[in-house]
Amino acid sequence: METVAGTVTHDPSPGAGGRQGGPLIVTEDTELLDDLLRLCAAAGATPEVHHGVPERRGSWEAAPLVLVGDDAARRVRGAVRRRGVVLVGRDQDDSGVWRRAVEIGAEHVLMLPDGEQWLVDRIADVAEGVGRPALTVGVIGGRGGAGASTLACALAVTSAREGVRTLLVDADPLGGGLDVLLGGETAEGLRWPAFASSRGRVGGGALEESLPELHALRVLSWDRGDRIAVPPQAVRAVLAAARRRGGTVVVDLPRRIDDGVAEVLTQLDVGVLVVPAELRAVAAAGRVASAVGMVLRDLRVAVRGPYPPGLDDREVARLLGLPLVGEVPAEPGLSRPDDATAPPGAAPRGPLARFCKEFWERALVETGTA
């Protein structure tokens, strides 16, 4: 065990995914119970409450999380040892709490009120059934008009078509809105400005259900209002919630790196830099790669033709010093998205969809998420 912010804790083990229900609370301390019920409500969980080990067979063992009040430690001493037991107290100066934690096999010792935020997060984790986080890919243009937004949309559409839970995030407030590119600018659902005041933890399920659903995927885009930024802490909370839902998250990134974009970069697994095969574009992309690479370790390049003499996709990758994803194929939805009648990558047998499918197959293997 290790001490973290006044608690003794192990990292929680990932669940299998899907909602698991609320925790089991064991206490006779009415004030402590009121606090624990309040924290469960904040986490969106409905607990089961007992004064001692539940008489109903299997309740103790089956609960995703057990919160034992320090007053009840003696009454649960003989219970079956299991993971996910938290001993909750108030007296920071009571050294005996550590002995009682060992006696009941608690994995965590938490003191209120200092540990409230940690406990809310932990309750929400088990209520949501947190499993493997989403494979998160960011797409950024090496220069303006490189086709990054269209490729991001195509990757998301392809992922959703394979039956994977998919969220497409528009991180470029000046890009006009990815919902427009997908033909869903009037679709009901929340946009970025609605999350500007988000702090702490955002519920993953609530986030997903609040967003527009277009082409079997969820989209977090910008509206057509005046707001062009949200605080970095809101970006952090929203993207973390999206990742907890699993599946894939695709982020369309702007070419500038501000505090909000830096928050996104820290949560990416893979970055794709889209670069047209032009010497000027390669020079511009080098500057972008330098800035992004300060935060993101795994940055790769995808090259768009046509190619001038002496330049091909491998040479572009070599000049940038980045791994090559491949050549982004020419397709009307990529080169002229405003004229497209269907979203990029919508044709399953089209060259762009095939490129995206191969990308996902490789990325799943290379990141160990297959």
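Our subject is the structure listed above.
Residues numbered from 1 in each chain as written. Predicted model: local features only at pLDDT ≥ 70, side-chain atom pairs only at ≥ 80, totals over all residues. Heavy atoms only, no water.

Visitor: Help me understand the overall build of the protein in this model?
Guide: Summing up its helical and strand segments, the protein has 13 helices and 15 strands in all. In terms of principal-axis extent, the alpha carbons of the protein reach across some 80 × 40 × 40 Å. The buried share of the protein, taken over its 370 residues, is 52%. Restricting to contacts in the protein with at least 6 residues of sequence separation, those with at least 24 account for 70%. When the accessible area of the protein is evaluated, it comes to approximately 17300 Å², of which 50% is carbon and sulfur surface. Across the protein, the mean location of the 42 positive side-chain charges is 4 Å away from that of the 50 negative side-chain charges. (Helix = DSSP H or I, 4+ residues; strand = E, 2+ residues; numbered from the N terminus. Buried < 20%, exposed > 50% of the residue type's maximum accessible area, 1.4 Å probe, protein only. Contact = heavy atoms within 4.5 Å. Areas by Shrake-Rupley, 256 points an atom, 1.4 Å probe, with all protein chains shown as cover. Lys, Arg positive; Asp, Glu negative; His and termini not counted. Charge placed at Lys NZ, Arg CZ, Asp CG, Glu CD.)

Visitor: Mind showing me how you'd approach the side chain of T158 here?
Guide: Within the element layout of this structure, T158 appears in helix α5 (residues 148-161). Owing to a relative accessible area of 1%, T158 belongs among the buried residues under this scheme. Ignoring sequence-local partners within four residues, the contact set of T158 consists of G345, A353, C356, K357 and W360.

Visitor: Teacher, can you tell me more about helix α3 (residues 96-104) here?
Guide: The periodicity of an α-helix, 3.6 residues per turn, causes residues three or four places apart in sequence to face the same way. Listing the buried residues of α3 in full gives G96, V97, R100, A101 and I104. The buried side chains of α3 occupy one side of the element, clustering within an arc of 145° when seen end-on. Buried residues along α3 sit against β5 (66-69), β6 (85-89) and β7 (108-111). Trailing α3 by a residue or two, G105 shows a phi angle of about 75°, which is positive. (Arc of directions from axis to C-beta.)

Visitor: Whenever I open this one, helix α13 (residues 351-366) confuses me. Can you help?
Guide: Taking 1.5 Å of rise per residue, 16 residues should cover 22 Å, and α13 covers 22 Å from first to last C-alpha, within 8% of that figure. The complete set of buried residues in α13 reads L352, A353, F355, C356, F359, W360 and A363. One side of α13 carries all its buried residues, which in axial view fall inside an arc of 155°. (Expected span 1.5 Å × (residues − 1).)

Visitor: Where do I start with the nonpolar core in this structure?
Guide: One broad rule of soluble globular proteins: the nonpolar side chains tend to lie buried together. Residues W192, V251, L253, L273, V275 and L320 are the most contacted members of the largest nonpolar core, which totals 45 residues. Elements with a contribution of two residues or more to this core: β9 (166-170), α8 (232-244), β12 (248-253), α9 (259-266), β13 (270-276), α10 (279-292), β14 (299-304) and α11 (313-320). The contacts of V275, once residues within four sequence positions are left out, are G142, A281, V282, A285, V301, A302, V303, R304, V316 and L320. Counting residues in hydrophobic clusters, the runner-up holds 33 residues, among them L135, L155, V157 and L178. (Core = buried A, V, L, I, M, F, W, Y, C linked by side-chain atoms within 4.5 Å.)

Visitor: Where do I start with the pattern of salt bridges in this structure?
Guide: Pairing between side chains of opposite charge can happen when the charged atoms of each approach one another. What the rule picks out here adds up to 22 salt bridges. Residue R75 pairs with E28 through a salt bridge whose shortest N-O separation is 3.7 Å. Taken together, the residues R75 in the loop between β5 and β6 and E28 in the loop between β3 (24-26) and α1 (30-42) connect sequence positions 47 residues apart. Using a relative accessible area of 46% as the deciding quantity, one classes E28 as partly exposed. (Salt bridge = Lys/Arg side-chain N within 4 Å of Asp/Glu carboxyl O.)

Visitor: Help me understand the pairing of β12, please; the structure alone is not making it clear to me.
Guide: Taken residue by residue, a regular strand's side chains alternate between the two faces of the sheet. Burial analysis of β12 places 6 of its 6 residues in the buried class, which makes it a mostly covered element. Residues of β12 alternate between two faces, with T248, V250 and D252 on one and V249, V251 and L253 on the opposite face, all of them buried. As paired strands, β9 and β12 are joined by 5 bridges and run parallel to one another. Each bridged residue has a counterpart across the sheet, and for L168 the counterpart in β12 is V250. (Pairing = 2+ DSSP bridges.)

Visitor: What's the story with the sheet that holds β9 in this structure? I'm lost.
Guide: Pairing between the strands of a sheet comes from backbone hydrogen bonds, and it takes one of two forms, parallel or antiparallel. With mixed pairing, the 8 strands of this open sheet are ordered in space as β10-β11-β9-β12-β8-β13-β14-β15. Across the chains shown, the open sheet's two edge strands, defined by having one partner strand only, are β10 (213-214) and β15 (324-328). Bridge analysis of strand β8 (residues 135-141) against β12 gives 6 bridges, and the strand direction is parallel. Each residue of the ladder has a partner; that of T136, found in β12, is V249. Strand contacts of α8: β8, β9, β11 (217-220) and β12, with the helix running at about 150° to β12, the strand carrying the most contacts. (Axes fitted to C-alpha atoms, helices over the stretch in contact; angles between N-to-C directions.)

Visitor: Honestly, the packing of aromatic side chains in this entry has me stumped. Any pointers?
Guide: Any pair of aromatic rings gets described here by the distance separating the centres and the angle formed by the planes. Taken as a whole, this structure holds 2 aromatic pairs when the rule is applied. Look at F359 and W360: their rings are 5.5 Å apart centre to centre, the planes differ by 70°, and that puts the pair in the edge-to-face class. Residues F359 and W360 agree in their burial class; the two are buried. (Phe/Tyr/Trp six-rings, centres within 6.5 Å; stacked < 30°, edge-to-face > 60°.)

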